Amino acid sequence: MSTPILEVRNVTMTFGGLTAVDDVSFNMAEGEILGLIGPNGAGKTTLFNVINGVYKPTRGNVVFRGRDITGLPPYDVVRLGLARTHQIVKPLNEMTVLENVVVGACFGAENLGLEPAQYVAEEVLEFTGLLQMKDELAGKLNIALKKRLEVARALAANPRLLLLDEVLAGLNPSEVAKMLDVIRSIRDRGISILMIEHIMQAIMSLSDRIVVLNFGQKLAEGTPDEVANDPQVIEAYLGDPEMAKRILEEEEA
Amino acid sequence: MKFLKSPFFWIVIAVSLLYAVYPKLGNNITLRETLVLSAIYVILATNLNLMIGYTGYVNFGSIVFFGLGGYLTLWLIGGYGWNLYAAVLFAGVVTSLLTLALGFGILRLRGAYFALATIGVNEAVKDFVSNFDKWGGSEGIFLPFSTYKSMGGAVHALWTVYFLIIGVMALSLLLSWFIKRSKFGLGLFAIREDEDAAIVLGVKAPVYKAIAYSVSAFLPAVAGGLYFFKNGSIVPEEAFNLHLSIESIVMVMLGGQGTVTGPWVGAFLYERLRGLLLTTPSLSNFHLVIAGVLLLLIILFAPGGLMGWLYKRWARVRGVLE
Amino acid sequence: MLQIFSSVMDGLLIGLVYGLAAIGLTLIFGVMDVVNLAHGSIIALGMFFLYLFFGAGLHPYLSLVPVAILGFFFGVIVYLIAVKRIISGPPLMSLLSTFSVSMIIIGIGTALWSTSPYNINFKVETYNILGYTVTSARLIAAVAAVLVTFGLYFFLYRTVLGKAVRAVANNREAAELMGIPSQQILAISFGIGTMLAMLSGALIATLFPFTILSGGVYELKSFVASVLGGLGNPTGALLGGIILGLIEGSVAPFIQISWTNVIEFVIFVLILLFFPTGLFGGRK
Ligand SMILES: Nc1ncnc2c1ncn2[C@@H]1O[C@H](COP(=O)(O)OP(=O)(O)OP(=O)(O)O)[C@@H](O)[C@H]1O
Ligand SMILES: [Mg+2]
């Protein structure tokens, strides 16, 4: 078996007295789409922050393509080919959509100069369907487009592994469908994807495997079917009224 | 040499040549002194803009570069007989390096905390120099008249220094312009918009910020050396005048932060306005009030400054005046 | 020994007045994240307001009352004109708008009073306690500073309005959701901060000669004191002021007075770097 693209080994992250991520381990194979689910506050975003170096874990290691990247700052991590999006979007407001993506291309894995970055950015904008608004200021976009801009910027870094944090949240059904198309075509380019998502239907259909977090701990891991039928997982979700409501809503839709 | 095709490059060259030649032709000393001040303002504002406008860090104590450059220069010339060129270059490099080291420390602070720290640094340096006997304490440093002999006499030396200052002004503008169109500049703008996002996108923010800070110190330090050499003396109150620091911010805001032309135009207009207010007897008592009201109006109603306003009205201006 | 004791006592007394000035600065920062660069000019204005009332025949200590009232309304007006509009903008905006207020105050002050020194001439007793000589003016200034600080704490912790101020300081949006009119609270807080600055200026005027430019020194001292105590923390600012006074007092016998500024600013920058929330913990 080839080296996993990502190994999370016994990662623990505490904030003061609060343990946001508690001894979590899992591996991810090259080319895989791995879903990361769990109730609100389960520690999913915190785990992302540990993986890409925003936080240094209290304990444990993150290994990317065989290399230990624990504690490496985010700007070095992205150089190695690991890019991410933010759950709470962070557009560079006063810069155009194109400039935003050029930043991603310039400072990503390829360390491109301005001119080649321009080409890459236009290509990525085309791919994500943002090309028409490349000269708009990023701050002026609506939320759906800002989410797509997050993806485009991360993609422009030419990553081997992409972390997507709730890129579907807050989108209407047709926007969700568009985003799903984008995600599928990213996978078809051979990029591995680790994605956090609350929309069950979407994550179940997209993911090869799923990891479930609850209160910072790994509750279950397996194929979508295995996870969906795991009694512990069901309990964790039913124990979360908000999530139960969301699942119901989806069922109605 | 693509920049040779850009109109902006030639505008800078042409204006600088005009600055240099015009007073010399008429041998107009008064005009020269006015233009020196104008050029110094442009240098201070343009380099300050690298921090405020490009990187988004509000440096309230930028005048410390100017003062330190002045002191180092006069000390080397007066005490060790260095020639002017070597002294100002050395002063610029030393000031830049000190700033780089300082930057790795204080640029960890954000927002108002950074602004306060820069005020603290300027005041600490000023008070230190006021007590530092090697640099003449609060009396400062005087250059003996004989210093100018080696430069062909005082009259000739003053013209030479004038041309050098205009040269530094042109360099400041070109530097600002090159940075704005470079990958380095793109990284700085990303930091300005959202530092955390920039870091995740791959911008090595701690290094970028420190370099920007250090670069923004170099030409003001050189200018300080030239300016105080021209004056023949330097005292702490004048060298580290916090007020001039803040006036530089006003110039940047007046013209439009983050643009290349803005601080240039802002500095020019500010100098004109200040001159007008100071020389009109009925207004001179109120020059501070008028400047204050003007600043307040800009902040409240036109935070993009002059260039922001121009860009809004005529988008095409952006192509020529960056 | 006695000399050292005297210096320390002098430092402590003046430190309380610095502390009062610093509380004015830190309160405004704590409530609305605005570093008030008009602070120094407002202190100077306090000095001159005292001078005016004193000139009109009022005793200096009685004059503190109208100075406080004027200070409050002055602050509210400054808030409404110069701060309200940009309160949610980047920090540069509020720094510059308050600085422009300072330019306007100093400009008008210079036109009215020039930049030459003034002083308040009134009868001051001198006491000798165990060999330590102290003037009544110093004692009263320190006591007044302490009383005003107590008053502020009573207001913040015991009155409805004061609690609203703390709620807004804590989280403006949450306070608004609870029905607290945050704009009014912000204006009132700015008024109170301004009032404290003016009072400290007025007290300083009873001790030393002053000019319209004198505020600058005390503004810088207020920065140092409030950063020492943790920006946004009033108790910290008072302690910071005392520390500052003590440093000045205790080094005075050993080195030239002019070096104390260097020491203060070096401490200031070091604190910002290594304890950005101050020695006693900031607001956050
Ligand atoms: N910087 C931080 N400091 C302190 N606590 C934090 C920090 N970041 C996250 N937490 C806490 O860690 C826990 C996990 O938060 P996290 O954002 O990782 O959850 P999540 O699974 O992403 O939730 P959601 O589905 O709502 O996005 C929460 O209790 C949160 O309050
Ligand atoms: Mg999350």
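Residues numbered from 1 in each chain as written. Chains lettered and ligands numbered in written order. Predicted model: local features only at pLDDT ≥ 70, side-chain atom pairs only at ≥ 80, totals over all residues. Heavy atoms only, no water.

Engineer: I'd like a description of the overall build of chain C, backed by residues and values.
Structural biologist: When helices and strands are counted, chain C shows 11 helices and 2 strands. Helices and strands in chain C line up, N terminus first, as α-α-α-α-β-β-α-α-α-α-α-α-α. Rg of the C-alpha trace for chain C: 18 Å, near the compact-globule value of 19 Å for 284 residues, within the 12% margin. Principal-axis analysis of the C-alpha atoms gives chain C an extent of 60 × 45 × 35 Å. For chain C, contacts bridging at least 24 residues in sequence account for 77% of all contacts bridging at least 6. When the accessible surface of chain C is summed, it comes to about 11600 Å², and 70% of that surface belongs to carbon and sulfur atoms. Between the centroid of the 11 positive side chains of chain C and the centroid of its 8 negative side chains there is a distance of 8 Å. (Helix = DSSP H or I, 4+ residues; strand = E, 2+ residues; numbered from the N terminus. Rg over C-alpha atoms; globule rule 2.2 N^0.38 Å. Contact = heavy atoms within 4.5 Å. Areas by Shrake-Rupley, 256 points an atom, 1.4 Å probe, with all protein chains shown as cover. Lys, Arg positive; Asp, Glu negative; His and termini not counted. Charge placed at Lys NZ, Arg CZ, Asp CG, Glu CD.)

Engineer: Please set out the overall build of chain A residue by residue, giving values where relevant.
Structural biologist: Scanning chain A from terminus to terminus reveals 10 helices and 10 strands. The C-alpha radius of gyration computed for chain A amounts to 18 Å, which stays within 12% of the reference 18 Å derived for 253 residues, consistent with globular compactness. Along the first, second and third principal axes, the C-alpha atoms of chain A reach 50 × 45 × 40 Å. Residue burial in chain A is summarised as follows: out of 253 residues, 53% are buried. (Buried < 20%, exposed > 50% of the residue type's maximum accessible area, 1.4 Å probe, protein only.)

Engineer: I'd love a proper account of the environment of N93(A), names of residues and values included.
Structural biologist: By the secondary structure assignment, N93(A) is in the loop between β6 (82–84) and α3 (97–106). On the basis of relative accessible area, N93(A) is assigned to the partly exposed category, the value being 36%. In the structure, N93(A) is positioned 43 residues away from E136(A) in sequence and 10.0 Å away in space, judged by C-alpha atoms. Sequence-distant contacts of N93(A), that is, excluding residues within four places in its chain, are made with L137(A), A138(A), G139(A) and E193(B).

Engineer: An account of the interface of chain B and chain A is requested, with residue identities and associated values reported.
Structural biologist: Listed per partner, the contact involves 22 residues of chain B and 25 residues of chain A. Of the roughly 1900 Å² buried between chain B and chain A, counting both surfaces, carbon and sulfur atoms make up 72%. Contact with chain A buries surface across chain B, with K183(B), V200(B) and L201(B) losing the most and accounting together for 37% of the total. Counting every contact that joins chain B to chain A gives 0 salt bridges. At the boundary of chain B and chain A, one finds 6 residue pairs in polar contact (both at pLDDT 80 or more). Within the residue set of the side of chain B that touches chain A, elements represented by two or more residues are α7 (183–193), α8 (195–201) and α9 (205–231) of chain B. It is α7(B) that provides the largest number of residues to the side of chain B that touches chain A, a total of 7 residues. Taken together, the residues of the side of chain B that touches chain A break down into 11 nonpolar, 3 polar and 8 charged. (Buried area = accessible area lost by both parts, 1.4 Å probe. Salt bridge = Lys/Arg side-chain N within 4 Å of Asp/Glu carboxyl O. Polar contact = N/O pair within 3.5 Å; in protein donor to acceptor, adjacent residues only side chain to side chain. Nonpolar A, V, L, I, M, F, W, Y, C, P; charged D, E, K, R; others polar.)

Engineer: Go over the interface of chain C and chain B with me, naming the residues and quoting the values.
Structural biologist: Each partner contributes to the interface: chain C provides 38 residues, whereas chain B provides 39 residues. In total, about 3400 Å² of surface goes out of reach between chain C and chain B, with carbon and sulfur atoms giving 84% of it. Viewed at the interface, chain B and chain C are joined by 0 salt bridges. Linking chain C with chain B are 1 residue pair in polar contact (both at pLDDT 80 or more). Listed by contribution, the elements that provide at least two residues to the side of chain C that touches chain B are α3 (60–83), α4 (91–113), α9 (215–229) and α11 (257–274) of chain C. When residues of the side of chain C that touches chain B are assigned to their parent elements, the largest contribution, 14 residues, is made by α4(C).

Engineer: Residue-level account of the coordination of the magnesium ion (ligand 2), with values.
Structural biologist: All names here are of chain A. Donor atoms from the polypeptide that coordinate the magnesium ion (ligand 2) comprise T45 (OG1) and Q87 (OE1), at 1.9 to 2.1 Å from the metal. In this pair, T45 sits in helix α1 (residues 44–51) while Q87 sits in the loop between β6 and α3, placing the two residues 42 residues apart along the sequence. On the basis of relative accessible area, T45 is assigned to the partly exposed category, the value being 25%. (Donors = N, O, S within 2.8 Å, 3.2 Å for Na, K, Ca; no water.)

Engineer: Tell me about the sheet that holds strand β8 (residues 192–196) of chain A, residues and numbers included.
Structural biologist: Sheet strands pair by backbone hydrogen bonding; their relative direction is either parallel or antiparallel. All names here are of chain A. Strand order in the open sheet made by the 6 strands is β6-β7-β8-β3-β9-β10, with mixed pairing throughout. Looking along the sheet, the strands with just one partner apiece sit at the ends: β6 and β10 (217–222). Mean inter-strand twist for the sheet, computed between neighbouring axes without regard to direction, equals 15°. Direction of pairing for strand β9 (residues 209–214) relative to β10: antiparallel, over a ladder of 5 bridges. The residue of β10 that forms the bridge with L213 is K218. Contacts from helix α6 (residues 173–188) reach β3 (33–37), β7 (161–165) and β8, with the element oriented near 150° to β8. (Pairing = 2+ DSSP bridges. Axes fitted to C-alpha atoms, helices over the stretch in contact; angles between N-to-C directions.)

Engineer: Go over the sheet that holds strand β5 (residues 67–68) of chain A, please, and point to the residues and values.
Structural biologist: All names here are of chain A. Read across the open sheet, the 4 strands follow the order β2-β1-β4-β5; overall the sheet is antiparallel. Where the open sheet ends on each side, the last strands, each with one partner, are β2 (18–28) and β5. Here 5 bridges tie strand β1 (residues 6–15) to strand β4 (residues 59–64), and the two strands are oriented antiparallel to one another. The residue of β4 that forms the bridge with E7 is V63. Seen against the sheet, α1 touches β1, β2 and β4 and runs at an angle of roughly 115° to β1.

Engineer: So what's going on with the nonpolar core? Which residues, and what values?
Structural biologist: Ranked by internal contacts, the top residues of the largest apolar core, which has 272 residues, are V103(A), L162(A), F60(B), F229(B), M32(C) and F268(C). Of all the elements, helix α1 (residues 2–32) of chain C adds the most residues to this core, at 15 residues. No fewer than three residues from each of domain 1 (1–81 + 161–224) and domain 2 (91–158) of chain A sit in this core. Leaving out residues up to four positions away in the same chain, V103(A) has contacts with L92(A), M95(A), L186(B), A190(B), L201(B) and V203(B). (Core = buried A, V, L, I, M, F, W, Y, C linked by side-chain atoms within 4.5 Å. Domains from an automatic or database assignment.)

Engineer: Please set out the side chain of K230(B) residue by residue, giving values where relevant.
Structural biologist: Residues and elements named next belong to chain B. Assignment of secondary structure puts K230 in helix α9. Within polar-contact distance, the side chain of K230 engages the side chain of N231 at 3.3 Å. In contact with K230, other than residues within four places in its own chain, are E33, V36, Y148, L158 and V161.

Engineer: Account for α1(A), with residues named and values stated.
Structural biologist: In terms of residue burial, α1(A) counts as a mostly covered element, since 7 of its 8 residues are buried. Of the residues flanking the end of α1(A), it is G53(A), one or two places downstream, whose phi is positive at about 90°.

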